[in-house]
Amino acid sequence: MTYQEAYQKATGELKAAGIPEPESDAWILLEHVTGMTRTRYYVDGFERMPKNEEDRFFELVSCRKTRIPVQHLTGVQEFMGYEFAVNEHVLVPRQDTEILVEEAEKRLLLMKKENPVKVLDMCTGSGCILISLEHYRKGIRAVGADISDEALQVAKRNAESLNADVTFLKSDLFEQVAERYDLIVSNPPYIRT
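Residues numbered from 1 in each chain as written. Predicted model: local features only at pLDDT ≥ 70, side-chain atom pairs only at ≥ 80, totals over all residues. Heavy atoms only, no water.

A. Region of the structure containing the nonpolar core. Ranked by size, the top nonpolar core spans 24 residues in total, and within it Leu-108, Val-119, Ile-131, Leu-133, Val-166 and Phe-168 carry the most contacts. Only helix 6 (98-110), helix 7 (128-136), helix 8 (149-161), strand 5 (166-170) and strand 6 (183-186) provide two or more residues apiece to this core. Excluding residues within four positions of it along the chain, Leu-108 makes contact with Val-117, Val-119, Leu-133, Arg-137, Ile-140 and Leu-183. Of all hydrophobic cores here, the second largest spans 20 residues; its members include Ala-6, Leu-29, Phe-57 and Leu-73. (Core = buried A, V, L, I, M, F, W, Y, C linked by side-chain atoms within 4.5 Å. Buried < 20%, exposed > 50% of the residue type's maximum accessible area, 1.4 Å probe, protein only. Helix = DSSP H or I, 4+ residues; strand = E, 2+ residues; numbered from the N terminus. Contact = heavy atoms within 4.5 Å.)

B. Structural detail: the pairing of strand 6. Alternating residues of strand 6 divide into Leu-183 and Val-185, all buried, and Ile-184 and Ser-186, none buried. Judged from the four bridges that link them, strand 3 (residues 118-122) and strand 6 form a sheet pairing that is parallel. Across the sheet, residue Asp-121 finds its bridge partner in strand 6, namely Val-185. (Pairing = 2+ DSSP bridges.)

C. Structural context of the packing of helix 2 (residues 22-34) against helix 4 (residues 51-65). Put simply, helix 2 and helix 4 touch, their axes get as near as 10 Å, and they point 145° apart. Of the two elements, helix 2 crosses helix 4, and the hand of that crossing is right-handed. Contact residues: helix 2 offers Asp-25, Ala-26, Leu-29, Leu-30, His-32, Val-33 and Thr-34, while helix 4 offers Glu-53, Arg-56, Phe-57, Leu-60, Val-61 and Arg-64. Class assignment for the residues of the contact of helix 2 with helix 4 results in seven nonpolar, two polar and four charged. (Axes fitted to C-alpha atoms, helices over the stretch in contact; angles between N-to-C directions. Left-handed = near helix turned anticlockwise from the far one by under 90°. Nonpolar A, V, L, I, M, F, W, Y, C, P; charged D, E, K, R; others polar.)

D. Seen up close, the pattern of salt bridges. Under the definition given, this model contains 13 salt bridges. The shortest N-O distance in the salt bridge between Glu-13 and Lys-65 comes to 3.3 Å. On the criterion of sequence distance, the pair formed by Glu-13 in helix 1 (residues 3-16) and Lys-65 in helix 4 is long-range, its members being 52 residues apart. Residue Glu-13 is classed as partly exposed on the basis of its relative accessible area, which comes to 22%. A residue is classified by how much of its surface remains accessible, and Lys-65, at 30% relative accessible area, is partly exposed. The salt bridge partner of Arg-64 is Asp-25, with a shortest N-O separation of 2.7 Å. Within this pair, whereas Arg-64 is found in helix 4, its partner Asp-25 is found in helix 2, the two being separated by 39 residues in sequence. Of the residues examined, Arg-64 reaches a relative accessible area of 11% and is grouped as buried. (Salt bridge = Lys/Arg side-chain N within 4 Å of Asp/Glu carboxyl O.)

E. Region of the structure containing a nonpolar patch on the surface. A cluster of nonpolar side chains, namely Leu-173, Phe-174 and Ile-184, defines an oily patch on the protein surface of about 300 Å² accessible area. In this structure, Leu-173 sits in the loop between strand 5 and strand 6. (Patch = residues over 30% accessible without salt bridge, like charges linked within 9 Å, V, L, I, M, F, W, Y side chains within 5 Å. Areas by Shrake-Rupley, 256 points an atom, 1.4 Å probe, with all protein chains shown as cover.)

F. Looking closely at the pairing of strand 4 (residues 141-146). Of all six residues that make up strand 4, five are buried, and the element is covered over most of its length. Across five bridges, the pairing between strand 3 and strand 4 is parallel. Looking across to strand 4, one finds that Met-122 is bridged to Ala-145. At this point the chain moves from strand 3, through helix 7, to the parallel strand 4, and the crossover so formed is right-handed. Of the pairings in the sheet, the one linking strand 4 to strand 5 comprises five bridges and is parallel in character. Bridging from a neighbouring strand, Asp-146 pairs with Lys-170 of strand 5. Note that the unit made of strand 4, helix 8 and strand 5 has a crossover that is right-handed. (Right-handed = clockwise from strand over helix to strand, strands pointing away.)

In structure tokens form, the structure reads like this:
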């Protein structure tokens, strides 16, 4: 099977499964598995896809058909210009959450203190909000809290890979939060009605 045939077949399978934006998801998975750019696809797309890549690609397509988020399949999501690791233990950062970071940033600019401004990110998940704030406002004292050990592992990995000076703590909401903060941000997981 060529790259083009694989992409077209995957798009058709995703569409038949009722996946929104099947072309986009098929492309993201193809790019993830092969490292292929769009330019290379148009030039070399008629070439045969190696069997190991084809198998892996269609394995991920099958997972996507079961509604597993494409970001969980690739393990990454871009947020505020940075690439964050994500998995099934954290919410996939959404573009509309960037508004929260931008609004928090505006408020941080208005705070004039001798000591570093202390920011708490409650339900930190992947840490994307807190890490982004720390990158844009160096010098803040950034703390992220989450009840999930697995989510905290993802957040710590993101902080390390993005060289963010942040601290994380395990806490069921404010249970283990002892300090007072100048700013609290949160985008908690969705709950059932």
